[in-house]
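Letter by letter, the chains look like this.
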Amino acid sequence: MADIQSLIDKLKGKFPASIQQLKTFRGEVTVTLPKEDIYAICQFLSSDSELQFQFLTDLCGVDFFPETPRFEVVYLLYSMKNNLRLRLKAKVAQGESIPSVESIWKAANWLEREVYDLFGIPFENHPDLRRILLWDGYEGFPLRKDYPVEGPDFDKPFVLEV
Amino acid sequence: MAETRFMTINMGPQHPATHGVLRLVLELDGEIVVKATPHIGHLHRGVEKLGENRTYHQFIPLTDRLDYTNAMGNNLAYVLAVEKLLDLEIPKRAQYLRVMMAELQRIAAHLIWLGTHVLDLGATTPIFYTFREREDILRIFEEVAGGRLTPTYLRIGGVSKDLPDGIEEKIKAFVDAFSGHVKEYETLLTENVIWLNRTKGVGIISREDVINWGVTGPTLRGSGVKWDVRKALPYSSYDQFEFDIPVGSVGDAYDRYVVRLREMEWSNSIVKQALEKLPKGPVIAGDPKVPLPPKEAVTNDIASLIRQFKIASEGFYPPKGEVYASVESAKGELGFYIISDGSNHPFRVRIRPPSFLNLSALPKMIEGSLISDVVTTIGSIDIVLGEIDR
């Protein structure tokens, strides 16, 4: 059984240059990584026989507008073997893309589509990158901080013009 | 000439067997499904965006409306996340009441699933039985919280009010009768040849696949993975209750059926244990900044009235940070990931809906099977579109 400290040590030993920031809040460990390394590190974490992060619990986007780079993609990993959670983060600037982890965890398929749909962050090598909750042809990305809450036509009555 | 080997048909979004507004585009080779493409989002209400513009208290009623068959469980997941952010200690009695309500809600949610799933496959009788018992639970909720489908019973720091007089006897009567009711459902289904033929070997998904697809809940356990948030990462005093995690072996619709039936029995046992061991004491944390003051105090002294006004209108200011808390809802692992920037509303509320990931594995389960089995498989993974689309 690996504990969280040995996990961090192992990650540091394997990818010493990649760990940009390491934070613990309320017992939850968050590691910030460059987006170029996210695929290799996820591959390592899921396939390592001791760590076995075989379960991708969640993947979501966060918008820190007006900071630059404005987006963060957050991965929440879980290891059933060690009963450990680990949060990975990667910063993505507007207009940039991030490697997809769909080939490691199939769970990422829809989760990445959702991030693409609501934040407009494209994922490289995703097999089916389409909007998921909103319809094709929808304009804008609603979970971005600069997206208006009240909508462009909110003050117009909801009736068809004849 | 156009390719005519496969026929594409559309199923839903308005279709009784899709349990909500799910649209499936099925490519068929005769009666065999070659490719299935789910289309979701018809019920998208932008709950995550709404959360960024509300105080922490104001978001609780929205969580009821995610998986509307499991309102208490949704409340619980959200308040646990906020309490983790605040590092707030919850009174024991409130923790037990939360467990009791969450487990009653799990039974109610599984009863809806059982009734409607079986109805999809042509058995009309069980739904009348299951809705009879569900009504008992909703009556209990009505007395306890004031609401039936969307009770909004939980509060940040505890629960909204203590149990009313006489409700404990009613819960006890329900608990005592319920194991007999489960036997009734079983006599109708478990060894019924039609039921076995419709569900055995249908919608199979392997142990490796459920984990890789991020599937949780009874669908995960039906495939033989003995994992439950209540056991793996206990919350709200679940470690003080005795229960087992039922698992299947094959991972077909029948296994998921058996797992849910056994789960209802264990939930019933947990409610019973909670009722017997229910500690005395307050039902909400004593912190003056977070929970609303009691109603009697608000009507009697000016300081509480001011506090009530301030908390209701302005809310509270948690520290900067990010937390993730999850519960085992009726559908699987329901998690809330909250980022706080130190202001009185969340910077980001991310909901990790179990049905979303469970549904994403649907094509894996139905491709290669008969079109009539699509209905069985959708029913057996028990999705609620309210939480998928959010």
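Structure first, text after, so check above.
Note that this is a predicted model, so its numbers are computed, not measured. (Residues numbered from 1 in each chain as written. Chains lettered and ligands numbered in written order. Predicted model: local features only at pLDDT ≥ 70, side-chain atom pairs only at ≥ 80, totals over all residues.)

Draft legend 1. Representation of the overall build of chain A in the model. Along chain A, the regular secondary structure elements total three helices and seven strands. N-terminal to C-terminal, the α/β element order of chain A is α-β-β-α-β-β-β-β-α-β. Along the three orthogonal principal directions, the C-alpha set of chain A runs to about 70 × 30 × 25 Å. (Helix = DSSP H or I, 4+ residues; strand = E, 2+ residues; numbered from the N terminus.)

Draft legend 2. Structural context of the sheet that holds strand β7 (residues 333–340) of chain B. Residue and element names in this part refer to chain B. The sheet built from three strands is open, its strands ordered β6-β7-β8 with antiparallel pairing. In this open sheet, the two strands that pair with only one neighbour each are β6 (321–328) and β8 (348–352). Strand-to-strand twist in this sheet, taken as the mean axis angle between neighbours without regard to direction, amounts to 15°. In this sheet, β8 lies alongside β7 in antiparallel orientation, the contact comprising five bridges. When the bridges of β8 are listed, glycine 335 appears paired with arginine 352. (Pairing = 2+ DSSP bridges. Axes fitted to C-alpha atoms, helices over the stretch in contact; angles between N-to-C directions.)

Draft legend 3. Structural detail: unusual backbone geometry. All names here are of chain A. For the bond from phenylalanine 65 to proline 66, the omega torsion is 5°, close enough to zero to count as cis. As for its position among the elements, proline 66 is in the loop between β3 (55–63) and β4 (71–79). The residue after threonine 68, namely proline 69, is reached through a cis peptide bond having omega -10°. Tracing the chain through its elements places proline 69 in the loop between β3 and β4. Phi at asparagine 83 is positive, roughly 55°, even though this residue is not glycine.

Draft legend 4. Seen up close, the interface of chain B and chain A. Of the residues lining the interface, 30 residues belong to chain B; the matching set on chain A comes to 24 residues. Counting residues per element, the ones that place at least two in the side of chain B that touches chain A are α1 (47–51), α8 (207–212), β6, β7, β8 and α14 (354–360) of chain B. Across the side of chain B that touches chain A, the residue classes tally to 11 nonpolar, nine polar and 10 charged. (Contact = placed C-beta atoms within 7 Å. Nonpolar A, V, L, I, M, F, W, Y, C, P; charged D, E, K, R; others polar.)

Draft legend 5. Molecular detail of the packing of helix α4 (residues 92–120) of chain B against helix α5 (residues 125–145) of chain B. Residue and element names in this part refer to chain B. Axis separation between α4 and α5 bottoms out at 9 Å; the angle between their running directions is 160°. When the interaxial angle is binned, α4 and α5 end up roughly antiparallel. Every pair of crossing elements has a handedness; the one defined by α4 and α5 is left-handed. Contacts between α4 and α5 involve Leu104, Ile107, Ala108, Leu111, Ile112, Leu114, Gly115, Thr116, Val118 and Leu119 from the former and Pro126, Ile127, Thr130, Phe131, Glu133, Arg134, Ile137, Leu138 and Ile140 from the latter. By residue class, the composition of the contact of α4 with α5 is 14 nonpolar, three polar and two charged. (Parallel < 35°, antiparallel > 145°, perpendicular 65-115°, else oblique. Left-handed = near helix turned anticlockwise from the far one by under 90°.)

Draft legend 6. A look at the sheet that holds β4 of chain A. Residues and elements named next belong to chain A. With mixed pairing, the five strands of this open sheet are ordered in space as β1-β2-β5-β4-β3. Where the open sheet ends on each side, the last strands, each with one partner, are β1 (21–25) and β3. On average, each strand axis in the sheet is tilted by 20° relative to the strand beside it, whichever way the strands run. Pairing geometry for β3 and β4, over eight bridges, is antiparallel. Bridge pairing links aspartate 58 to leucine 76 in β4.

Draft legend 7. Summary view of the pairing of β1 of chain A. Residue and element names in this part refer to chain A. Burial runs low along β1: only zero of the five residues are buried. Two strands pair when backbone bridges link them, and β1 and strand β2 (residues 28–33) are joined in this way by five bridges, in the antiparallel orientation. If you follow phenylalanine 25 over to β2, its bridge partner there is glutamate 28. Joining the antiparallel neighbours β1 and β2 is a turn of two residues, in which arginine 26 adopts a positive phi near 55°. (Buried ≥ 20, exposed ≤ 12 C-beta atoms within 10 Å, placed from the backbone.)

Draft legend 8. Seen up close, the pairing of β7 of chain B. Residues and elements named next belong to chain B. Of all eight residues in β7, seven are buried; the element is thus mostly enclosed. Bridging between β6 and β7 involves eight bridges; their strand directions are antiparallel. Considered in β7, the bridge of glutamate 322 is made with isoleucine 339. Adjacent in sequence and paired antiparallel, β6 and β7 are bridged by four residues, among which glycine 332 carries a positive phi angle near 150°.

Draft legend 9. Main features of the environment of leucine 7 of chain A. Here leucine 7 of chain A is to be found in helix α1 (residues 4–14). Note: C-alpha distance between leucine 7 of chain A and leucine 84 of chain A (77 residues apart in sequence) is 9.5 Å.

Draft legend 10. A look at the nonpolar core. Core analysis: the largest hydrophobic core is formed by 142 residues, its most contacted members being Val73, Leu77 and Val115 of chain A together with Ala77, Ala81, Val82 and Phe336 of chain B. The element that contributes the greatest number of residues to this core is α4 of chain B, accounting for 16 residues. Composition of this core by domain shows at least three residues from each of domain 1 (7–39) and domain 2 (47–285 + 319–389) of chain B. Contacts of alanine 77 of chain B, omitting those with residues within four sequence positions, involve Ala325, Ser326, Val327, Ser329, Leu334, Gly335 and Phe336 of chain B. (Core = buried A, V, L, I, M, F, W, Y, C linked by C-beta atoms within 7 Å. Domains from an automatic or database assignment.)

Draft legend 11. A look at helix α3 (residues 108–119) of chain A. For α3 of chain A, which comprises 12 residues, the first-to-last C-alpha distance of 16 Å matches the rise-based estimate of 16 Å (1.5 Å per residue) to within 8%. Counting buried positions over the 12 residues of α3 of chain A gives 12, a clear majority of the element. Contacts from the buried residues of α3 of chain A go to β3, β4 and β7 (123–124) of chain A together with α14 of chain B. Of the residues one or two after α3 of chain A, glycine 120 of chain A is the one with positive phi, at around 75°. (Expected span 1.5 Å × (residues − 1).)

Draft legend 12. Summary view of the packing of helix α6 (residues 167–189) of chain B against helix α11 (residues 253–277) of chain B. Residue and element names in this part refer to chain B. Axis separation between α6 and α11 bottoms out at 10 Å; the angle between their running directions is 160°. Comparing the axis directions of α6 and α11 gives the class roughly antiparallel. Considering how the two elements wind past one another, α6 and α11 form a crossing that is left-handed. Of the residues in α11, those in contact with Glu168, Ile171, Lys172, Val175, Phe178, Ser179, Val182 and Glu186 of α6 are Leu261, Met264, Glu265, Asn268, Val271, Lys272 and Leu275.

Draft legend 13. The arrangement of the environment of proline 151 of chain B in detail. Residue and element names in this part refer to chain B. Secondary-structure assignment places proline 151 in the loop between α5 and β4 (154–155). Taking the C-beta count within 10 Å as the criterion, proline 151 has 22 such neighbours and is therefore assigned buried. Along the backbone, proline 151 and methionine 72 are 79 residues apart, and their C-alpha atoms lie at a distance of 7.3 Å. Excluding residues that lie within four positions of it along the chain, proline 151 makes contacts with Ala71, Met72, Phe141, Ala145 and Gly146.

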